[in-house]
Amino acid sequence: MRTLQHRWTGCRGLCPPALIPLLASLPFLLLLLLLSSPPPAQGAIHMPKHLSQPPVLTKFPTSLTAFYADDISLLCEATGQPKPTFRWMKDGHLFGPERRSEGLLQAGSEAIISDYEGRYRCYAANELGTAVTNTVMLIAEPRPVLPKQRKLRKTINEGESVVLPCSPPVSSTTPHIHWMDKKMVHIQQSERVVVGLDGNMYFANVLQSDSREDYVCHAQYAEARTILPQEGISLTVKSSNDVVSNRKPHLFSHSKPHTAVLALRGHSLFLECIPSGWPTPSVEWHKKDSKLEQTSGRVDKFNRWLRFDSIMQKDDGEYECMASNTQGTASHSFTVTVEAEPYWVETPQSLLYTPGETVRLHCQVDGIPTPTITWSINGEPITVVDSEPRRVVRQGAFILMDAQLGDTAVYQCEATNIHGSILHNTYIYVVELPPQILSSDGVVYHITEGKDIKMQCDTFGSPLPRITWERDGAMSFLTDTRVSLLTNGTLMMSSVNEEDSGTYTCTIKHTNISIDAHLVVLNRTVILTGPQHLRPVRGTDALFDCIFQIDTQLSSPQVVWKKNGYKFQESPNKYTVFLNQTLKVANVQSDDSGEYSCEVITKLDHVEATGSITVVAAPDQPKALSLSEVEERSLTLSWIPGHSHNSPITEFIVEAREEQHAEEGKWKWEERWRITGDVNHLELMLQPYSIYRFRVLAVNAIGRSQPSHPTAAHSTPPAAPDSNPSGVRSQSVDPDTLVITWVEMDKKLHNGQGFKYKVFWREGKTGHWSHGYADGPPFVVNETGAYMPFEIKVQAVNSLGDGPLPIPKTGHSGEDVPQEAPGDVNVLIMNSTVRVSWTAPERVQGLLLSYKIYIQRLGSASALGQGEADSGEGESMVVPVQGNKTSEVVTQLRFYSRYELSVTACNSKGESPASTPYSFSTPEGAPGPPASMTFESPSETELNVYWTRPNQTNGILLGYVLHYQDKVENIPEKVVIVPGPDVNHQYLGGLNPYSHYIFRLMAHTVAGKGPPLTRVGHPLLDGVPPSNITIHAGELSVNLSWVPSKRYRNHGFHIHYQRQDGQAEWEESELVNSTQGFYSLKGLQPGTQYHLFILHNNETIWDDMIHTEGPGLSEVASGFATQGWFIGLISAIVLLLFLLLILCFVKRSKGGKYAVKDKEDGQVDSEARPMKDETFGEYSDADEKRTPSQPSLCVDSKMGSDDSLAEYGDSVDIQFNEDGSFIGQYSGRGPVPHGNESSGPASPVNPIPPPPIAPSMSAILNRTS
């Protein structure tokens, strides 16, 4: 068994004899303690309830002033075991008998209270020691009585200062002063009228309204339960006919500039400055060595007091009050010195100690001046108690070494200075008890992660047991910074997590006494989405989310919604909480603003999230509109802003309604002014002779308020016009007439009755002004001449006078057609651009707006024109020249041309006669590019380049320059000079057959070369038949298609074919061109297999087997040709044909003839007709639907036209686009050798000509086998 470790403690003081039997009863008392007492509070050992305890004072007496016998009541209560007895000491002597039940000291109803006056101290004692109270003072005095007084009357001039005295009876208690009238109504105080600390009423200056007969001072003595009203004071204020003279401030009650004040720490202090003067002075306070805000003082009594409710040491220093008005200042300074009664810094604790222990009682006090400390034992000064070397007092601390059981006592520490004393009782209880664990075993602690946990292990014993904690037999967890072991044995762990779950064991050292504690850590409750900070518009709904997560081992939590920290009840019209705990606040109004919190409460923790509602809305309408500072033409409009509803007012809109110049039904409000939202008044400038009403709107981020109530109507008097009409000008149209017009003035600007316009005019800028009157524009002046200059002005006038002098404007009478043409026309020739100049005509008869230059091309400058047609002969152009310019540059004329021009002048009425024609010629220029360029390729290395003359030669053409360069290989460019203007081709040999060439052709005159015409060309290779052929077989034909090559010359070939029935001979098609890309082989039998091939240089370059669609001929013969219905059908067709021949014969015999044109139009080569894409390779209904004049194909018709392109193989004509692609076609001029035949056009741009129209059915039936 573990041994018990004792904690040895010493004892000091008197040991009552009764202590020895008490120690013998300790085992019994310990057993009683363990059975009935709760665990002791944490900290050192505390006394159990049923164990003997020294006395401990619980109620203390306080000093008092007694006016009656029943006022005498001094409290003194204490606890202890056994119950303590009480005795009172008055002025150091025992007062009254010893009291056993309680220590209350009271006086009898018949007692003489003066016998009780003195200094008292209460003693509470039992067998373990004596506790003592602090010394208190009891003052006995009679109830205050007011001596007989005479009514005081004061008469004073208005504006002077006065003091109404209040002299209550002197008492040890300070009375509360109230100034009232005879109806018991308090006299109103202000900066001008103040009641001072001395109870007097101070008037900084008096007004006539201060005159009254019943200024009454009431002194209230709360302790004496007495109110003493003073005799009323009469104050009469005499009015002064003169203006009250101003007076600089003067301070009541301060004859000197400085006052020293002593204050005690924790007590109240009032510094007072009450000024007199006219106007009423204002008072400001400040601290000289720091800011007033850094002290505990605050101004009061209309800034007349600087008040400290509990003054602190930091408030020590110099303060100054300053009274000021328009006449000057007055000041007074206070030096505040703060001292302190003794106060505790540290007090010793009453504890249990074990024998042999050293006890230290620290008694630390402070005060100003520094207090002295004395120690007593059971109420007796330590100096008079038997000397004991184990007791030592050192620097105010009491030290008891080697404490013994007899040292159990109550020890007093008392601190004293000149301002008072304080006393503290502390007992030392020396006792010896065995150790015990008072906390329960096997307690399960549930907690959520992140929280702090305290696992209890309360122990009892003397000496104090030492304990240790283990987890799973190890103490290593104690090194965790989150783990703390408190002095009372409690294990505290902060910010627990799931890894902290487990069993913990508390053991008293050196014993086998222990308990287990089980810790279960659960997931903490978390609010995932909490309420937000919302700013809903008034009248809408607001939604708050409260999405949370709890541990699965916890039961359903409680969710509480609060507003501003208080719960509220759900209501369908306002608050609704949905199943997902979302809160809906319906129809939010201003009183719904505030903080809203969602609190999730479980049995282990709770978490809260806060949002808010700030209801915003358009501001309320401004109110209390008023008009002030009213002048003839101005006033000040003021208003009080309405509620802004949490959205600051950004601006005010002032609207006005003018009612003088419109009918009642047409009055309308107009926005006149806008001002910022921090201004609530505006000076308005008004128009004379008007009736106004005004209203104001407030604007914030939400919108506009309703308009305020309009002001009363305000009228302004009439006056002469302030302004004249604008836009004064002449709008003359007809010659010999001056029309003056202007912009009519608004009726609001007439400023009075009898309004008219006074119109002035005079010719030129000198001479006499003529004038006339008009009710409105225009004003017409006749017989002025055409386009004569005038000065004009218009003045507004009414019955009260004229408007300001108008500023003259320049105008003109009506214009007429110009009479004179521009002169001195001259032309400066630059190239194809010329500069035309002239002199302005004098008789324009109006405002000169522009000139027109008429130019006509007469033809080429060459007499013969080089034999070319002059396409530009007769060209004309008109060049407008705006404004007063007398020269203009004319561009885009043709070189080497003859021109004639003339100039006219224009005004708004028309055009002047044309000037004398002026002839000139432009010089030669560089020619334009040749009109075209084409190529033909006689062989693989040769090209003939053909071109046509430029459309614009711009002079005498001298020849051409041809540049060409290999596009593939980087070979220098070659140049060919072609002399003579009539040469139109150039032969080029030795070309690379596998390259492309870039050709640039330029014409030139004496002026130089023109821009080039650029093309890309190349020689063509010898053609070959196609070898990659696609076949589509029908019943009676086969369509063959291939992609012609752009680099090869056209080649003619035949298609050889044979029916594969073992009896047929080889046949060949007509001549086919390789550039066709398509050929239809016709005249085949349905349902038959054919062998096709193509030869080139006696070699087969392509062959294939095909099978036509449909049944074979044997099936046809046995199928329907022998049927009777077929024979009948053929007979009917023959009969119809016979009848048609008869009709034709009859018609011809009657003279009917076919139109020659129809006949010619009908004879169209089948290859010349285009074939639609969708009929490519198929028969068309058009083959059977001929025009009346179109003959059917005869027996001699061939597959294609007899005028075949095979006849044109000698020469090739090739054209190219701008980008160098072919646009021409290779064409032949005679028979071509076999293999080079041509049957259609071919070019790199369109290498595949459209296929010929398939021959008609009659051609197939009539073909010779």
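Keep in mind the model is a prediction, meaning the values are calculated, not measured.

### Quick look at the overall build of the chain
Along the backbone of the chain there are six helices and 96 strands. Taking all 1265 residues of the chain together, the buried fraction comes to 43%. Considering only contacts within the chain whose residues lie at least 6 apart along the sequence, 67% involve residues at least 24 apart. On the chain, roughly 66,600 Å² of surface is accessible, and the fraction owed to carbon and sulfur atoms is 52%.

### A short note on a nonpolar patch on the surface
Taken together, the side chains of W1125, L1129, I1130, I1133, V1134, L1137, L1140 and L1143 make up a nonpolar region of the molecular surface, amounting to roughly 800 Å² of accessible area. Accessibility expressed as a relative area gives 55% for W1125, which makes it exposed.

### With respect to the environment of W285
Structurally, the position occupied by W285 is in strand β23 (residues 282-287). With residues near it in sequence (within four places) discarded, W285 still touches L271, E272, C273, L292, V299, N303, R304, W305, L306, E320, C321 and F334. At 2.8 Å, the side chain of W285 forms a polar contact with the backbone oxygen of N303.

### Examining the state of the cysteines
Within the structure shown, the criterion is met by six disulfides. Note on cysteine connectivity: C363 is disulfide-linked to C413, with sulfurs 1.7 Å apart. The chirality of the disulfide connecting C363 with C413 is left-handed, given an S-S dihedral of about -85°. One end of the pair, C363, is in the loop between β29 (359-361) and β30 (364-368); the other, C413, is in strand β35 (residues 409-417), with 50 residues separating them in the sequence. Assessed through its relative accessible area of 3%, C363 is described here as buried. Overall, C413 belongs to the buried group, its relative accessible area being 0%. Note that C457 is cross-linked by a disulfide to C506, the S-S spacing being 1.8 Å. Taking the sign of the S-S torsion, about -75° here, the bridge from C457 to C506 comes out left-handed. You can see C457 sitting in the loop between β39 (453-455) and β40 (459-462) and its partner C506 sitting in strand β44 (residues 502-508), a full 49 residues away along the chain. When sorted by exposure, C457 lands in the same class as C506, which is buried.

### Observations concerning the sheet that holds strand β43 (residues 491-493)
Within a sheet, adjacent strands bond to each other through the backbone by hydrogen bonds, running parallel or antiparallel. With respect to topology, three strands assemble into an open sheet ordered β39-β43-β42, the strand pairing being antiparallel. A single partner strand is all that each edge strand has here, and the edge strands are β39 and β42 (483-485). Across the sheet, the mean angle separating the axes of adjacent strands is 20° when strand polarity is ignored.

### Concerning a negative patch on the surface
Taken together, the side chains of E629, E631, E632 and E683 define an acidic patch exposed on the protein surface. Inspection of the secondary structure puts E683 in strand β60 (residues 681-685). We classify E683 as exposed; its relative accessible area is 51%.

### Considering the packing of aromatic side chains
For the coordinates displayed, the defined rule picks out 31 aromatic pairs. For the ring pair W88 and Y120, a centre distance of 6.4 Å and an interplane angle of 75° mean the geometry is edge-to-face. Separated by 32 residues along the polypeptide, W88 in strand β5 (residues 85-90) and Y120 in strand β8 (residues 118-126) bring together distant segments of the chain. With respect to class, W88 is no different from Y120; both count as buried. Ring pairs connect the aromatic residues F544, W561, F568, Y575 and Y596, which therefore count as one cluster. Over the ring of Y215 we find R212, and its NZ or CZ is 5.6 Å from the ring centre.

### Considering the side chain of N751
Here N751 lies in the loop between β64 (737-741) and β65 (756-763). Overall, the relative accessible area of 0% leaves N751 in the buried class. From its side chain, N751 meets the backbone oxygen of A720 in a polar contact 3.1 Å long. Among the polar contacts made by the side chain of N751, one reaches the side chain of D722 at a distance of 3.0 Å. When near neighbours in sequence (up to four residues on either side) are disregarded, N751 contacts R633, Q687, P688, Y689, P718, A719, A720, P721, D722 and N798.

### Topic: unusual backbone geometry
Cis peptide bonds are those with omega within 30 degrees of zero, and the linkage from Q81 to P82 qualifies with 0°. Structurally, the position occupied by P82 is in the loop between β4 (77-81) and β5. Backbone torsion omega between P777 and P778 reads 0°, so that peptide bond is classified as cis. Mapping P778 onto the fold places it in the loop between β66 (770-774) and β67 (779-782). One non-glycine residue, D91, lies in the positive phi region at around 50°. Mapped onto the fold, D91 is located in the loop between β5 and β6 (93-99).

### Let's talk about the pattern of salt bridges
Going through the model one piece at a time under the given rule, you end up with 38 salt bridges. Here R192 ties to D210 by a salt bridge, and the two come within 2.5 Å at their closest N and O atoms. Of the two residues, R192 is situated in the loop between β13 (176-180) and β14 (193-195) and D210 in the loop between β15 (201-203) and β16 (212-221); the sequence distance between them amounts to 18 residues. Three or more residues are tied together by salt bridges with common partners; here these are R298, D300, R307 and D309.

### Overview of the side chain of K562
Residue placement: K562 occurs in strand β50 (residues 558-563). Beyond its immediate stretch of four places on either side in the chain, K562 contacts K567, F568, E595, Y596, S597, E599 and E608.

### Some details on the confidence of the model for the chain
Confidence in the prediction for the chain averages 83 pLDDT; 85% of positions are at 70 or higher. Note on residues 1-47: pLDDT under 50 across the span, and 149 contacts to partners over four residues away in sequence or across chains. Below pLDDT 50 for its whole length, residues 1152-1265 participates in 208 contacts with residues either more than four positions away or in separate chains.

### Brief notes about the nonpolar core
As a rule of thumb, soluble globular proteins bury nonpolar side chains together. Counting residues in hydrophobic clusters, the biggest one holds 30 residues, and the most contacted among them are I72, L74, W88, Y120, L138 and Y429. At the level of secondary structure, the elements contributing two or more residues to this core comprise β2 (64-66), β5, β8, β10 (136-140) and β36 (420-430).

### Focus on the pairing of β4
The alternating pattern of β4 places A78 and G80 on a buried face, while none of E77, T79 and Q81, on the opposite face, is buried. Relative to β4, strand β1 (residues 53-59) is paired through four bridges, and the arrangement is antiparallel. What sits directly across from L57, in β4, is A78.

### Brief notes about the sheet that holds strand β61 (residues 691-699)
The strand order across the open sheet built from four strands is β59-β58-β61-β62, with neighbouring strands paired in antiparallel fashion. Edge strands, defined here as strands with exactly one partner in the open sheet, are β59 (670-676) and β62 (714-715). Pairing geometry for strand β58 (residues 651-658) and β61, over eight bridges, is antiparallel. Each bridged residue has a counterpart across the sheet, and for V654 the counterpart in β61 is V696.

### Here's the deal with the environment of R633
Here R633 lies in the loop between β56 (623-628) and β57 (634-640). With 52 residues separating them along the chain, R633 and M685 place their C-alpha atoms 5.9 Å apart. Each residue touching R633, except ones within four places of it in the same chain, is listed here: L684, M685, L686, P688, A719, A720, D722 and N751.

Scoring rules and cut-offs
The numbers attached to residues start from 1 for each chain and follow its sequence in the written order. A pLDDT threshold of at least 70 governs which residues receive local features in this predicted model, and a stricter bar of 80 or more applies before side-chain atom pairs are shown or counted, although totals over entire chains, interfaces and linings include all residues. Calculated side-chain values reflect all of the structure's heavy atoms, with hydrogen atoms and water omitted. The way it works is that DSSP assigns letters per residue, a run of H or I at least four long becomes a helix, a run of E at least two long becomes a strand, and they are numbered from the N terminus. Partly exposed residues are those whose accessible area sits between 20% and 50% of the maximum for their type, while under 20% is buried and over 50% is exposed, using a 1.4 Å probe and protein chains only. By the convention used here, residues are in contact when the closest approach between their heavy atoms is within 4.5 Å. Note on areas: these come from Shrake-Rupley sampling with a 1.4 Å probe, and a residue is covered only by the protein chains present in the view. Patches in this entry comprise residues that are over 30% relatively accessible and not in a salt bridge; like charges within 9 Å are linked, as are nonpolar side chains (Val, Leu, Ile, Met, Phe, Trp, Tyr) within 5 Å. Salt bridge criterion: a side-chain nitrogen from Lys or Arg within 4 Å of a carboxyl oxygen from Asp or Glu. Polar contacts, as counted here, are pairs of nitrogen or oxygen atoms within 3.5 Å of one another; within protein the pair requires one atom able to donate a hydrogen and one able to accept it, and residues that are adjacent in sequence qualify only if both atoms are side-chain atoms. Any two cysteine sulfur atoms lying within 2.5 Å of each other are counted as a disulfide. Any two strands with at least two DSSP-identified bridges between them are counted as paired. Angles shown run from 0 to 180 degrees and are taken between the N-to-C directions of axes, each axis being a line fitted to C-alpha atoms and, for helices, limited to the stretch in contact. Note that His is not counted, nor are the chain ends; the positive residues are Lys and Arg, and the negative ones are Asp and Glu. All charge positions are set by atom: Lys at NZ, Arg at CZ, Asp at CG, Glu at CD. Two aromatic rings from Phe, Tyr or Trp, using only the six-membered ring of Trp, form a pair when their centres are within 6.5 Å; if the ring planes differ by under 30 degrees the pair is stacked, by over 60 it is edge-to-face, and anything between is tilted. Either the NZ atom of lysine or the CZ atom of arginine qualifies as a charge over a ring when it sits within 6 Å of the ring centre and within 35 degrees of the ring normal. Residue-level confidence of the predictor is what pLDDT reports, using numbers from 0 through 100. Take the buried Ala, Val, Leu, Ile, Met, Phe, Trp, Tyr and Cys residues and link them wherever side-chain atoms come within 4.5 Å; each set so joined is a nonpolar core.

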